[in-house]
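Understanding the architecture of this molecule
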Amino acid sequence: MLEQTHAAGSIEAKAGPLEQSKLADISHNYFVIRRNGKQTPFDQNKIKVALTKAFLAVEGGKATSSNRIHQIVDKLTFQIATALFRRISTSGILHIEEIQDQVELALMRSGEHKVARAYVLYREEHLKKRQVEKQEQTESQPQINIVFADESTQILDWGQLENLLNEVTQGITDVSVEKLLATLSNSLFDGIRQHELNELLVLTARKFIDQEPNYSQVAARLLLNSLTSEALTFVNGTLSKPKQSEMHHVYPDYFRSYIARGIELGLLDEELGRFDLTELANAIDAERDLQFNYLGLQTLYDRYFIHSKDTRIELPQAFFMRVAMGLAINEIEREEKAVEFYRLLSSFDFMSSTPTLFNSGTPRPQLSSCYLTTVPDQLYGIYDSLKDNAMLSKFAGGLGNDWTRVRGMGAYIKGTNGKSQGVVPFLKVANDTAVAVNQGGKRKGAMCAYLESWHIDIEDFLELRKNTGDERRRTHDMNTANWIPDLFMQRVIEEKDWTLFSPEEVPELHELSGKDFKEKYEFYEQQAANGLLVQSKKIKAVDLWRKMLGMLFETGHPWITFKDPCNIRYTNQHQGVVHSSNLCTEITLHTNDNEIAVCNLGSVNLAQHINAGELDTEKLERTISVAMRMLDNVIEYNYYSVPSARNSNLKHRPVGLGIMGFQDALYQLKLAYASEEAVAFADSSSEIISYFAIQASMQLAQERGSYSTYQGSLWSRGILPIDSVKTLAEERGNYFNQNTEQTLDWDSLRHQIQQYGMRN
């Protein structure tokens, strides 16, 4: 902006046609705020038109044909524009009144006193006209009484309402206060309650989002205005409604009161009150409240903000600071780290997972995202697993259950001398558990059931999400996933048969993968062919594959997941077998009867790391370094409702660092989603993120030590995830096609890991 101002100043001395053209180019960087609050691009031609009209008012029609007048107008326009560019703030925004003041000043300085007088009179006349129109509009508006919570009433001040709409549309282009007022007036009624008026304001702006996306910001600001009033009234006992521009003065006192009130109500951890709250309050950036679009802020309002009896006591920046404080609670320099974590979250550069946002800084800080269990083949074990599901779901954990060990329909039950009904009835109970325990009343319970493709009940399993058939064998509220060994895909490609078994007769298959699985599976196929197994069924592999895909297209389930690569590339395979992924299929961790695997998640916002048309790797490295520390802190600070989950999480310290905003990043890079360039960007950015995440965990190991089961892992053997692709290629033989190029210095990182270990 400073360079542009200097450029404008240097042009003024010459004022030739070429310089006029350059000035016109510069002017495109500036914007004008009209009287209705609308922001439009600066156009110096409008100044020229206003000056011409002023000369016409004094000299009549001859002004339009006078070369002298045209030259004066051009010269004055140039002088006014350059003067404005010198005075302009770094925001690049002018107000219409500033421009008109400069027009008056330029006319007076040039000696055109008569024209200046005409222009002043013109401004005064139009000011009076606007005032009369505003008065008439106010008088024509119906009298609306607003009813407050204490049952007192007040007449709606239309002028105050218009001022509010002008405030929330400030700096937002292509939105209209007049349109909002007109729509709102048609919906108001006498006796409207205050909270109904606040909701109506938001809904009015939301109505226009499909016509103009910028109304999403307007709706968000109106919701923010309502939220601010709600929170300040509850926390500070004040009825004032500060403007957003005043919130940087309001936030510090509010934040300290909010922490004290939250602790008093039992909503916040008492330890938060022992932070230096003044230091944290001074670090809050109130302007970041304006970053939200409507859907984002409404979601936070509905589900995430701390509330007492349905009254929100938490404003957005207090929310981010509360989460940051929880994650820094065990740090030595915890104020410094809390501010660092806050800045990362509130900038949207990185976002913690939903349970972390829900519960950080609260008396029950269940911060982990998902839990993986393997269900045993005994009745008491099955119901113990369902109890664990309920306890984990209560505190907002998502669930991934491996059901492959449960025997199939028709299998013999020794204890009763009867026959099993198979896995499906138990899945129905699991489904209903997810519905009954709905994550503390904040969102639906989230659960996914996994079953291996050789299980005798696999065909019934595929139909669990169908909308037809016996409702007692349907699970409409639970996700399902296939757990497919590579051997099945090989049989599909080669159009061969596939054999289904009941797991109690083939127990080893559950624990094997790769070539070992293939060898044992073929052994059991031979036993079945020889009549040595009670339960087995031979089908065409391609027919089962078609049914899998058919159900996927029809119901979205079960989704497709692959057992062998998850185990072959698993860094902690010396500790156990991966039997499933989780609710969202983004982690692969081993499970057994003594360990419930835990995933601790967060996402880097890729779109926030695009700068000047390329990926900003320096910023990305800084973000990931802080994010990995936050994720590692989750493990220490986490509340564990089930002991076997605590055992697993503290032993292996697993974290998952994902990405969000990939499509937005492509948009900024001007890349089509389906282009080869987009695929190349996905490949390169993923490698960079993987490198920085592994590097950050290695650096944490330097500071805090390696996780307890590090020795014997692929990490300790110098095999990184990018290296394990080669192992997968060796296992699959001809059935492998993947880019294995490496562009970063992995050898150096590998050496550092073997020297310092890995934290996660």
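See the structure shown above.
Residues numbered from 1 in each chain as written. Predicted model: local features only at pLDDT ≥ 70, side-chain atom pairs only at ≥ 80, totals over all residues. Heavy atoms only, no water.

1. Quick word on a negative patch on the surface
Taken together, the side chains of Asp276, Glu279, Glu333 and Glu336 present a region of like negative charge at the surface. With respect to the secondary-structure elements, Glu336 resides in helix H16 (residues 334–346). Exposure remark for Glu336: the relative accessible area of 47% places this residue in the partly exposed category. (Patch = residues over 30% accessible without salt bridge, like charges linked within 9 Å, V, L, I, M, F, W, Y side chains within 5 Å. Areas by Shrake-Rupley, 256 points an atom, 1.4 Å probe, with all protein chains shown as cover. Salt bridge = Lys/Arg side-chain N within 4 Å of Asp/Glu carboxyl O. Lys, Arg positive; Asp, Glu negative; His and termini not counted. Charge placed at Lys NZ, Arg CZ, Asp CG, Glu CD. Helix = DSSP H or I, 4+ residues; strand = E, 2+ residues; numbered from the N terminus. Buried < 20%, exposed > 50% of the residue type's maximum accessible area, 1.4 Å probe, protein only.)

2. A short note on the sheet that holds strand S18 (residues 559–562)
Spatially, S18-S15-S14-S11-S10-S19 is the arrangement adopted by the six strands of the open sheet, whose pairing is mixed. Strands at the two margins of the open sheet, each flanked by one partner only, are S18 and strand S19 (597–599). If you compare each strand with its neighbour and ignore which way they point, the axes differ by 25° on average. Bridge count for strand S11 (residues 398–402) against strand S14 (residues 447–452) is four bridges, and the pairing is parallel. (Pairing = 2+ DSSP bridges. Axes fitted to C-alpha atoms, helices over the stretch in contact; angles between N-to-C directions.)

3. Concerning unusual backbone geometry
In this chain, His557 is followed by Pro558 through a cis amide linkage whose omega measures -15°. Unusually for a residue other than glycine, Asp310 sits at a positive phi of about 70°. Among the structural elements, Asp310 can be located in the loop between strand S7 (307–308) and strand S8 (311–312). Here Phe348, not a glycine, exhibits a phi torsion of approximately 65°, which is positive. Tracing the sequence through the fold places Phe348 in the loop between H16 and strand S9 (350–352).

4. Here we look at the nonpolar core
In this structure, Tyr254, Phe255, Tyr258, Met325 and Leu657 are the most contacted members of the largest nonpolar core, which totals 118 residues. Once residues within four sequence positions are removed from consideration, Leu657 is found in contact with Phe350, Gly602, Val604, Ile624, Ala627, Met628, Leu631, Ile689 and Ala693. Counting residues in each nonpolar core, the second largest holds 51 residues, with Tyr371, Leu386, Ala541 and Ala645 among its members. (Core = buried A, V, L, I, M, F, W, Y, C linked by side-chain atoms within 4.5 Å. Contact = heavy atoms within 4.5 Å.)

5. Describing the sheet that holds strand S20 (residues 601–605)
Pairing is mixed across the open sheet formed by three strands, whose spatial order is S9-S20-S23. The strands lining the two open edges of the sheet, one partner per strand, are S9 and strand S23 (656–660). Strand after strand, the sheet turns through a mean of 30° between neighbouring axes, direction not considered.

These values are about where atoms sit, not about what they do.
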